[in-house]
Amino acid sequence: MDKRRVVVTGIGCITPIGNSYKDFWSALLSGKSGACDITSFDASEMSVKFCAPVKDFDPQKYFDSKETRKMDLFMQYGMAAGIDAIEDSKLNETKLNLERVGVSIGSGIGGLPNIEKTHATYTKSGARRISPFFVPASIINMISGNLSIKYGFKGPNLSIVTACTTGTHNIGEGLRQIQYSHADIMVCGGAEMASSPLGIGGFAAARALSTRNDEPEKASRPWDVDRDGFVLGDGAGVVVLEELEHAKARNANIYAEVVGYGMSADAYHMTLPSETGEGAQRCMINSINDAGIKSQDIGYVNAHGTSTPAGDIVESRAIKSVFSDHSKDIIVNSTKSMIGHLLGAAGGVEAIATILSLKNQIIHPTINVDNQDPECDLDFNISGPKEKNIKYALSNSFGFGGTNGSLVFSKFD
C-alpha cells in the first residue's frame, strides 16, 4: 500500500519570544532571547534564578474564566496553540468529516504547577479541599481531549509522552495516521509549563540547567565552549497535518510537506547520550530513508542543540557521521539558543521554525556562540539570518531515557 502524501496547512505557537507564529518568526530572525529572571515565584534561594517563560499570554482570548480554572497552564498553552493552528488552517470554516480528523498533542511532564498547588492545599486543609477538576486539569492527554471536544473531532485521539522528544513524536505519529488512511487531518504537537519551583529545582538538582544567573539572555549558548546547561522554557507548538489531495480540494494554504519520520533508542543511559551519538545517527538515517531521499539532499538541520556540554558534542558527531563530507555544506542551527528548552513542547515549536525556514527560504541564526567549541565544527549560522535555497530540512529531538525522533520536511511546490 502506497503512503499518502501529507502537508502542513496550519501552525500555532505560544513561545517565550512570541505568542503567534508571526511574532515568533520575527523574533527568531532578529536573534531575540526569551530568557529572563524568574518572577512567578521566589527563586532567591535557588541555584538557578532564571528561565524562558511565556510572556503576556491572555487566556481570555481563548477561554472563559470557568474553562480556564479547569486547565493547568501547560494545557492552556497547548489548547491556545491548537486553536490558532486550526484557525490558521481554516478548518473551523470548512465542512469536514469529523470522524476523519484526529488530535495528537503531548507533554513531557504535564500539570506540574497544579500538582504543586493542590498538594499545598491538601497539606494545609486536607483531602476535602482538593478540587474535583484536579486530575483532568493536570493529566497530559487532556489537551487532545479538550480540543476534540471543542471541535467535535472524532478521529484518532493520542498523547504521546517521550520527554523532550514528545512534540516530534506526536507530529510523526500524526503523519503515520494520515499516511495509512486512519485519518485525513491530524492536529499535532506538544506543550509544556514546567518553570515551577519543582521543575526548576529538579532540573537544577540534576545539574542540567545553566547557572549563568547574571546574564540569563546569554545562558543558552549551544556549541559555545562556555555552555553550562540548558535554560528551561515554556510554551507550545502545534501544526495541522493534512492529506495532500484533501488540502488541495479545499484550496488550503500549504506551508510545507512532511516527507520523513524516524525514531530510535540509545539504550545507553537515563539522561546522557552515548558518546558516539549512535542512537541519534540511526534516528536521522531512519527519517531520511523514510523520506526516500539521500542524505546530501538535506540542506538544513534544526538541531536539538540544548547547550549542554555532552549533548552538543554528541549531536555534532552524529550529524558529521550521517552526512559525512556533505555536513560542511549544511546549515545547522538551534532554536533553543533563543527560546530555551521547552521539553515536551520543543519538537513542536522547532518543527514550526523548520517549516517557516522552508516556506521563506531563510534560516534563523544561533545566538550566543561567542567562542565556538572546536569539537563542534559545523556551520551553526552564528552571524545572522541567512537566505538559502533549501528543498529538504531535518528537525531533531532527543529525550531522557534515550528516546530519539527526527522529521524531514520538504519545500512544497
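Higher on the page you've got the structure.
Nothing here was measured: the structure is a model prediction, and the numbers come from that model. (Residues numbered from 1 in each chain as written. Predicted model: local features only at pLDDT ≥ 70, side-chain atom pairs only at ≥ 80, totals over all residues. Heavy atoms only, no water.)

Trainee: Looking at this structure, how should I read the overall build of the chain?
Mentor: When helices and strands are counted, the chain shows 13 helices and 14 strands. Expected size for 413 residues packed as a compact globule is a radius of gyration near 22 Å; at 20 Å, the chain falls within 12% of this value. Over its C-alpha atoms, taken along the principal directions, the chain stretches across nearly 65 × 55 × 40 Å. Taken across its 413 residues, the chain has 61% of its residues classed as buried. For the chain, the share of sequence-separated contacts (at least 6 apart) that also reach a separation of at least 24 residues comes to 80%. By element, 50% of the accessible surface of the chain is carried by carbon and sulfur atoms, the whole surface being about 16,300 Å². (Helix = DSSP H or I, 4+ residues; strand = E, 2+ residues; numbered from the N terminus. Rg over C-alpha atoms; globule rule 2.2 N^0.38 Å. Buried < 20%, exposed > 50% of the residue type's maximum accessible area, 1.4 Å probe, protein only. Contact = heavy atoms within 4.5 Å. Areas by Shrake-Rupley, 256 points an atom, 1.4 Å probe, with all protein chains shown as cover.)

Trainee: I would appreciate a short explanation of the sheet that holds strand E4 (residues 101-106) in the present structure.
Mentor: Within a beta sheet, neighbouring strands are joined by backbone hydrogen bonds and run either parallel or antiparallel to one another. The mixed open sheet is built from 10 strands, whose spatial order is E5-E4-E6-E7-E1-E8-E14-E13-E9-E10. Where the open sheet ends on each side, the last strands, each with one partner, are strand E5 (157-158) and strand E10 (331-333). Taken together, the two bridges between E4 and E5 define a ladder with parallel strand orientation. For Val103, the partnering residue across the bridge sits in E5 and is Asn157. Of the strands in this sheet, strand E1 (6-14), E4, E5, strand E6 (185-192), strand E7 (235-243), strand E8 (256-265), strand E13 (392-399) and strand E14 (403-410) touch helix H7 (residues 166-179), which is tilted by about 170° from E6. Across the sheet, helix H10 (residues 278-291) lies against E8, strand E9 (298-302), E13 and E14, angled at about 145° from E8, the strand it touches most. (Pairing = 2+ DSSP bridges. Axes fitted to C-alpha atoms, helices over the stretch in contact; angles between N-to-C directions.)

Trainee: Explain the environment of Val322 to me, please; I cannot follow it from the model alone.
Mentor: Take Val322: it is sitting in helix H11 (residues 309-323). When near neighbours in sequence (up to four residues on either side) are disregarded, Val322 contacts Gln281, Met284, Ile285, Ile288 and Ser295.

Trainee: I keep staring at the packing of aromatic side chains and nothing clicks. Help me out?
Mentor: The description of an aromatic ring pair uses the distance of the two centres, along with the angle that the planes make with each other. Tallying each qualifying case throughout the model produces eight aromatic pairs. Taken together, a centroid distance of 6.0 Å and an interplanar angle of 15° make the contact between Phe57 and Tyr62 stacked. For Phe57, a relative accessible area of 17% corresponds to the buried category. Where Tyr62 meets Phe63, the ring centres are 5.9 Å apart and the plane angle is 45°; that geometry is what we call tilted. Here Tyr62 and Phe63 have matching classes, each one buried. By the ring-pair criterion, three or more aromatic residues cluster together here, those being Phe57, Tyr62, Phe63 and Tyr77. We note Lys150 situated over the ring of Tyr151; from NZ or CZ to the ring centre the distance is 5.7 Å. (Phe/Tyr/Trp six-rings, centres within 6.5 Å; stacked < 30°, edge-to-face > 60°. Lys NZ or Arg CZ within 6 Å of the ring centre and 35° of its normal.)

Trainee: Mind showing me how you'd approach helix H1 (residues 21-30) here?
Mentor: For H1, every residue scored as buried is listed here: Tyr21, Phe24, Trp25, Ala27 and Leu28. Buried positions in H1, seen along its axis, are confined to an arc of 165° and lie on one side of it. In H1, the exposed positions that point more than 90 degrees away from the buried face belong to Lys22 and Ser30. Packing partners of the buried residues in H1 comprise E1, helix H3 (73-89), helix H12 (336-339), helix H13 (346-360) and strand E11 (362-363). The first or second residue beyond H1 is Gly31, which carries a positive phi of 70°. (Arc of directions from axis to C-beta.)

Trainee: I'm lost on the pattern of salt bridges in this one. Help?
Mentor: Pairing is possible between side chains that carry opposite charge, provided their charged atoms lie close to one another. The tally for this structure, following the rule as stated, stands at 20 salt bridges. For the salt bridge of Glu375 with Arg317, the shortest nitrogen-to-oxygen distance reads 3.3 Å. One end of the pair, Glu375, is in the loop between E11 and strand E12 (386-387); the other, Arg317, is in helix H11, and 58 residues separate them in sequence. Three or more residues are tied together by salt bridges with common partners; here these are Lys3, Arg176 and Asp290. (Salt bridge = Lys/Arg side-chain N within 4 Å of Asp/Glu carboxyl O.)

Trainee: In this structure, what is going on with the pairing of E1? I would like to understand it.
Mentor: In terms of burial, E1 is largely enclosed, as nine of its nine residues are buried. Here E1 runs beside E8; their pairing, made up of three bridges, is antiparallel. Across the sheet, the residue bridging to Val7 is Glu257, located in E8. Here E1 runs beside E7; their pairing, made up of eight bridges, is antiparallel. Paired with Val6 across the strands is Glu243, a residue of E7.

Trainee: Help me out: how do you make sense of H10 in this one?
Mentor: Side chains that are three or four residues apart share a direction in an α-helix, a result of its 3.6 residues per turn. Between its first and last C-alpha, H10 extends 20 Å over 14 residues, near the 20 Å set by a 1.5 Å rise per residue. Taken residue by residue, H10 has Gly279, Ala280, Gln281, Cys283, Met284, Ser287, Ile288, Asp290 and Ala291 as its buried positions. (Expected span 1.5 Å × (residues − 1).)

Trainee: Please clarify how the side chain of Thr68 should be interpreted in this entry.
Mentor: One can find Thr68 in helix H2 (residues 65-69). Of note is the side chain of Thr68, whose polar atom sits 3.0 Å from the backbone oxygen of Asp64. With residues up to four places along the chain from it excluded, the contact list for Thr68 reads Pro59, Phe63 and Gln76. (Polar contact = N/O pair within 3.5 Å; in protein donor to acceptor, adjacent residues only side chain to side chain.)

Trainee: Looking at this structure, I do not really get the nonpolar core. What am I missing?
Mentor: Formed by 42 residues in total, the largest nonpolar core has its most connected members in Val8, Ile11, Phe24, Val239, Leu241 and Phe409. Among the elements that line this core, the one with the most residues is H13, at eight residues. By size, the runner-up hydrophobic cluster in this structure holds 32 residues, among which are Met79, Ala81, Ile83 and Leu91. (Core = buried A, V, L, I, M, F, W, Y, C linked by side-chain atoms within 4.5 Å.)

Trainee: I would appreciate a short explanation of the side chain of Asp224 in the present structure.
Mentor: Its place among the elements puts Asp224 in the loop between helix H8 (197-205) and E7. In this structure the side chain of Asp224 is engaged in a polar contact, spanning 2.8 Å, whose partner is the backbone nitrogen of Asp370. Here Asp224 is in contact with Asn368, Val369, Asp370, Asn371, Gln372 and Asp373, once residues within four sequence places are set aside.

Shape is all these values report; function is a separate question.
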